[in-house]
Each structure stands twice: as C-alpha cells, then as structure tokens.
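# Structure at a glance
One-letter residues, chain by chain:
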Amino acid sequence: MGSNKINWIVGEVIYKLGEEAQYAYLLTDGEVEIISKNGTKVGFINKNEVFGEQSIILNTKRTVTAIARLKSTAVAIPKINLINDYKNSPFLIQAVLRSTYVRLTNLSSTLKDDLKSLE
C-alpha cells in the first residue's frame, strides 16, 4: 500500500475544512473527532476505520475538520495510492463507493436546508 505511520497528540488537528486532500488515513489506535463547518461534532473515527478518503475519491476539498480526540496512530495513505487502488478496483465497487459518497454529501446538504427551515 506504500504508506507511512503517523502519530497525533490529543487535540491535534489532522486536517481542516477547505484544505486539499493529500492523504486518507487508516486509524490503528486512538480516536478522531469529525467537526462540521459550523463547529458541530458530527462523528468519531475509531480503530481500524478509514477516514479522509471521501475528498480524494470525489476530488473535492476537505468538507470537515478532523481532530485527534485521543493520542492516535494511523497509516497515512497517499492520495495517488488511493486513487490508483480505486481505479484498479472492479467497476461495481467504484460505482458503489462513488454513489454512497455522493448520497452522503447530498444528505448533508438536505439536512442543513431542513434545519434552516425550522428556525
């Protein structure tokens, strides 16, 4: 997989909203918190989960901020490696991943609009 081990201390910012995605990460220890544009905690990444891949697959800037909630270790997966693995995967897998990411992005936008209408 051509990757490197990386460590973060508690509270360390892994990436910020709006940044170009250079790596995805496989968390091997610790916990990462995902923060939305408005500062809302929207999720947690736990051991053996991958994060940061959506922006690479969809070729977008980061849509959230990721912060180490605990002392954490991950395998950094370079963008080019992830893109190559994605392109070399069966077409069905590519289609499933891409449509899932697009649906999640659309759902996020729909939820924001729905919440604004309640104000």
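Residues numbered from 1 in each chain as written. Predicted model: local features only at pLDDT ≥ 70, side-chain atom pairs only at ≥ 80, totals over all residues. Heavy atoms only, no water.

## Here we look at the overall build of the protein chain
How we decide: Comment: elements are numbered from the N terminus, with helices defined as DSSP H or I runs of at least four residues and strands as E runs of at least two. Each residue gets one of three labels from its accessible area relative to the maximum for its type: buried under 20%, exposed over 50%, partly exposed in between, using a 1.4 Å probe on protein chains only. Contacts are residue-level and defined by heavy atoms, with any inter-residue pair within 4.5 Å sufficient. Here, Shrake-Rupley sampling with a 1.4 Å probe gives the accessible areas, and only protein chains in the shown set may cover a residue.
Looking only at helices and strands, the protein chain features three helices and eight strands. What you see in the protein chain, going N to C, is helices and strands ordered as β-β-β-β-β-β-α-β-β-α-α. Out of the 119 residues belonging to the protein chain, those deemed buried represent 34%. In the protein chain, of all internal contacts separated by at least 6 residues, the share reaching a separation of at least 24 is 74%. For the protein chain, the computed accessible surface area is about 7800 Å², with 56% contributed by carbon and sulfur atoms.

## Some remarks on the pairing of strand β3 (residues 23–29)
Moving residue by residue along a regular strand, the side chains alternate between the two faces of the sheet. This is how the line gets drawn: We call two strands paired when DSSP finds no fewer than two bridges between them.
By the bridge criterion, six bridges tie β3 to strand β8 (residues 72–78) in an arrangement that is antiparallel. Bridging across to β8, leucine 26 finds its partner in valine 75. Sheet topology places β3 next to strand β6 (residues 50–51); two bridges connect them, and they run antiparallel. Each bridged residue has a counterpart across the sheet, and for tyrosine 25 the counterpart in β6 is phenylalanine 51.

## A short note on the nonpolar core
Soluble globular proteins tend to bury their nonpolar side chains together. For the record, the criterion: Put simply, a nonpolar core is a bunch of buried Ala, Val, Leu, Ile, Met, Phe, Trp, Tyr and Cys residues held in one set by side-chain atoms that sit within 4.5 Å of each other.
Counting residues in each nonpolar core, the largest one holds 14 residues, and the members touching the most others are Trp8, Ile14, Tyr25, Val32 and Phe51. Elements supplying a minimum of two residues to this core: β2 (13–15), β3, β4 (32–35), β7 (65–68) and β8. Not counting residues within four places of it along the chain, the set of residues in contact with phenylalanine 51 comprises Trp8, Ile14, Tyr15, Ala24, Tyr25, Leu27, Val32, Ile45 and Ala66. Ranked by size, the runner-up nonpolar core spans nine residues in total, among them Ala21, Ala24, Ile56 and Tyr86.

## Focus on the confidence of the model for the protein chain
To be explicit about the condition: Here pLDDT means the predictor's own confidence in every residue, given as a number from 0 to 100.
Mean pLDDT over the protein chain stands at 88; residues scoring 70 or higher make up 86%. Summarising per-element confidence for the protein chain, the mean pLDDT is lowest in helix α3 (residues 91–117) (71) and highest in β2 (98).

## What about the environment of isoleucine 35?
Turning to its location among the elements, isoleucine 35 is positioned in strand β4. Taking the relative accessible area as the measure of exposure, isoleucine 35 reaches 12% and is therefore buried. For the pair isoleucine 35 and leucine 17, spaced 18 residues apart in the sequence, the C-alpha separation amounts to 8.7 Å. What isoleucine 35 contacts, discounting residues up to four positions off in sequence, is Thr40, Lys41, Val42, Val64, Thr65 and Ile67.

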